[in-house]
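Now for the letters of each chain:
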Amino acid sequence: MTNLWKNLLIGGFLAAFLILLGFFNATKPRILVLHSAGANSSWAQQVDRGMNEALARNRRPLSVERNYLGLDYPAAPRRVEEARAEARRAVARFQPDVLIAVDDEANSLVARDYVGRESPRVLYVSLNRPPADFGYAGAANVSGIAEQLPFAAVRDVVMDLFPGRSPTVAVIGVENESGAAEMTQARAFAWSPLSVDEAALVATAEDWRAFVQRVAEADVLLVLGTHDLPGEGGVTVKAAEINRWTEEQARPLPIGTQVNFVETGGGLSFSPPPDDSGARAIGLALDWLDARDTPGAPPALVSDHFEVAVRPVRLRERGLVLPPIYLEAARENGTLFK
């Protein structure tokens, strides 16, 4: 009889523990991070790195889950709809308190559908189009971080590299939603005394190469972002290969707007800092989840921060000398490549 009561007591404690554990997990705030890119994207990985660093400093119990649309390259409409449906199922299953939507595609395809609802709260990150384009203006359940590409820094360095001239610029990007938003920013920017003579969004590797060859007389080729692109015969040409080819074959000086441009062989880039965007997104989400003195969503932000990446040998091959301040900025950031 003693053993029976002992076993019942132990069983009762275990049952109570499991019930309390289940209740604890069920009541923890939930954050779902929805990436526009795929899990192997360098950009998405660096955003995640910033988020993880911020989460490591957090002491509040949280449940965090990630979903990747995989739309960082031109995709067929059917593939886009499949990714959208999968993301919606993830939201319905996980029921997040906060949905962090990274880049324009995640906001356009999924996050905007939840505007005006009590749950989830929508936190946009790295948004290149105006938030109002997604119906976010004035929405009580929406906040986030819009992104301003560092074109002023590009303009300044071009004037340093081509002193006493009015350099010409050609602009190329990938034909997807983020690329279109980036191109809109590029066209609207006040480039003077530089002039933008040609600009194009392309959907294939062949079109990319053709544009680069066509703008051979420009001084600078501004690369808004490279992704895997369809090649001839159904072969996918990787972004890294496109970056290397562009650096090696372009007569104008290529300047990227993503760090991975230099990582994979380019000479110079000015990029929004993905890890900083990720860390700030988590900070805003935690601020929103906590009981704060000011009611409602945290104030929306516009980020104009950027980081420099340099591969000096590529610039020397073109007879160009970069002012030391850029090299030191890249060295400090860990983006000075040999």
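Shown above is the structure to which this text applies.
Residues numbered from 1 in each chain as written. Predicted model: local features only at pLDDT ≥ 70, side-chain atom pairs only at ≥ 80, totals over all residues. Heavy atoms only, no water.

Undergrad: How should I be thinking about the packing of helix α2 (residues 42-57) against helix α10 (residues 274-289) in this particular structure?
TA: Between two packed helices, the angle of one axis relative to the other and the distance separating the axes together describe the packing. The N-to-C vectors of α2 and α10 enclose an angle of 45°; their axes lie 7 Å apart at closest approach. Relative to α10, the element α2 lies oblique. Of the two elements, α2 crosses α10, and the hand of that crossing is right-handed. Contact residues: α2 offers Trp-43, Gln-46, Val-47, Arg-49, Gly-50, Met-51, Ala-54 and Leu-55, while α10 offers Pro-274, Asp-275, Gly-278, Ala-279, Ala-281 and Ile-282. Of the residues that constitute the contact of α2 with α10, the class distribution is 9 nonpolar, 3 polar and 2 charged. (Axes fitted to C-alpha atoms, helices over the stretch in contact; angles between N-to-C directions. Helix = DSSP H or I, 4+ residues; strand = E, 2+ residues; numbered from the N terminus. Parallel < 35°, antiparallel > 145°, perpendicular 65-115°, else oblique. Left-handed = near helix turned anticlockwise from the far one by under 90°. Contact = heavy atoms within 4.5 Å. Nonpolar A, V, L, I, M, F, W, Y, C, P; charged D, E, K, R; others polar.)

Undergrad: Please explain the nonpolar core as it appears in this structure.
TA: It is characteristic of soluble globular proteins that their nonpolar side chains tend to be buried jointly. Counting residues in each nonpolar core, the largest one holds 28 residues, and the members touching the most others are Val-157, Ile-255, Leu-268 and Phe-270. The set of elements that each furnish at least two residues to this core consists of α5 (151-161), β6 (168-174), α6 (177-188), β8 (220-223), β11 (253-256), β12 (268-271), β14 (307-310) and α12 (324-333). With 6 residues, the single largest contributor to this core is α5. What Ile-255 contacts, discounting residues up to four positions off in sequence, is Val-154, Val-157, Val-158, Val-220, Leu-221, Leu-222, Val-223, Leu-268, Ser-269 and Phe-270. (Core = buried A, V, L, I, M, F, W, Y, C linked by side-chain atoms within 4.5 Å. Buried < 20%, exposed > 50% of the residue type's maximum accessible area, 1.4 Å probe, protein only.)

Undergrad: Just checking my understanding: could you explain the side chain of Ser-108 for this structure?
TA: With respect to the helices, strands and loops of the structure, Ser-108 is situated in helix α4 (residues 103-109). The buried category is assigned to Ser-108, whose relative accessible area is 14%. A polar atom in the side chain of Ser-108 sits 3.0 Å from the side chain of Glu-177. Aside from chain neighbours lying at most four places away, what touches Ser-108 is Arg-129, Phe-134 and Glu-177. (Polar contact = N/O pair within 3.5 Å; in protein donor to acceptor, adjacent residues only side chain to side chain.)

Undergrad: Looking at this structure, I do not really get the sheet that holds strand β1 (residues 30-35). What am I missing?
TA: In a beta sheet, neighbouring strands are held together by backbone hydrogen bonds and run either parallel or antiparallel to one another. Strand order in this open sheet of 6 strands is β2-β1-β3-β4-β5-β13, and the pairing throughout is parallel. The open sheet terminates on both sides in strands that have one partner only, identified here as β2 (63-68) and β13 (301-303). Across the sheet, the mean angle separating the axes of adjacent strands is 15° when strand polarity is ignored. In this structure, β1 lies alongside β2, joined through 6 bridges in parallel fashion. Within β2, the residue paired with Ile-31 across the bridge is Val-64. Contacting β1, β2, β3 (98-102), β4 (121-127) and β5 (142-147), α2 crosses the sheet at an angle of about 175° to β2. Packed onto the sheet, α10 meets β1, β3, β4, β5 and β13 and runs at close to 160° relative to β4. (Pairing = 2+ DSSP bridges.)

Undergrad: How do you make sense of the pattern of salt bridges when you look at a structure like this?
TA: Side-chain pairing between opposite charges can occur once the charged atoms of the two side chains come close. In this structure the tally under the stated criterion is 20 salt bridges. Between Arg-155 and Asp-156 there is a salt bridge, with its nearest N and O atoms 3.8 Å apart. The structure contains a network of salt bridges with shared partners spanning Glu-81, Arg-84, Arg-88 and Asp-113. (Salt bridge = Lys/Arg side-chain N within 4 Å of Asp/Glu carboxyl O.)

Undergrad: Mind showing me how you'd approach the environment of Val-321 here?
TA: Counting through the fold element by element, Val-321 comes out in the loop between α11 (312-317) and α12. Residue classification places Val-321 among the exposed positions, given a relative accessible area of 69%. In the structure, Val-321 is positioned 81 residues away from Ala-240 in sequence and 25 Å away in space, judged by C-alpha atoms.

Undergrad: I tried to follow the pairing of β14 on my own but got confused; where do I start?
TA: Consecutive residues of a regular strand have side chains that alternate between opposite faces of the sheet. Burial of β14 is two-sided: the residues Glu-307 and Ala-309 facing one way and the residues Val-308 and Val-310 facing the other way are all buried. In this structure, β12 lies alongside β14, joined through 4 bridges in antiparallel fashion. Opposite Phe-270, over in β14, you have Val-308 as the bridge partner.

Undergrad: Which parts of the structure should I look at to understand a negative patch on the surface?
TA: Side chains of Glu-175, Glu-206, Asp-207 and Glu-232 sit close together on the surface and give a patch of like negative charge. For Asp-207, a relative accessible area of 39% gives the class partly exposed. (Patch = residues over 30% accessible without salt bridge, like charges linked within 9 Å, V, L, I, M, F, W, Y side chains within 5 Å. Areas by Shrake-Rupley, 256 points an atom, 1.4 Å probe, with all protein chains shown as cover. Lys, Arg positive; Asp, Glu negative; His and termini not counted. Charge placed at Lys NZ, Arg CZ, Asp CG, Glu CD.)

Undergrad: Explain the pairing of β3 to me, please; I cannot follow it from the model alone.
TA: Counting buried residues along β3, 5 of its 5 residues qualify, which places the element largely inside the surrounding structure. Along β3, one buried face is formed by Val-98, Ile-100 and Val-102 and the opposite face, lined by Leu-99 and Ala-101, is buried too. Two strands pair when backbone bridges link them, and β1 and β3 are joined in this way by 5 bridges, in the parallel orientation. What sits directly across from Leu-34, in β3, is Ala-101. In this sheet, β4 lies alongside β3 in parallel orientation, the contact comprising 5 bridges. Following the sheet pairing, Val-102 is matched in β4 by Val-125. Crossover connection from β3 via α4 to parallel β4: handedness right-handed. (Right-handed = clockwise from strand over helix to strand, strands pointing away.)

Undergrad: I'm lost on unusual backbone geometry in this one. Help?
TA: Across residues other than glycine, the phi torsion is negative in most instances, and most of the peptide bonds are trans. Here the residue pair Ser-119 and Pro-120 is connected by a cis peptide bond, since its omega of 0° sits within 30 degrees of zero. Relative to the helices and strands, Pro-120 resides in the loop between α4 and β4. Phi at Asp-103 is positive, roughly 80°, even though this residue is not glycine. Of note in the backbone geometry, Ser-126 takes a positive phi value of approximately 55° without being a glycine. Among the secondary structure elements, Ser-126 is positioned in strand β4. Given a relative accessible area of 1%, Ser-126 falls into the buried group.

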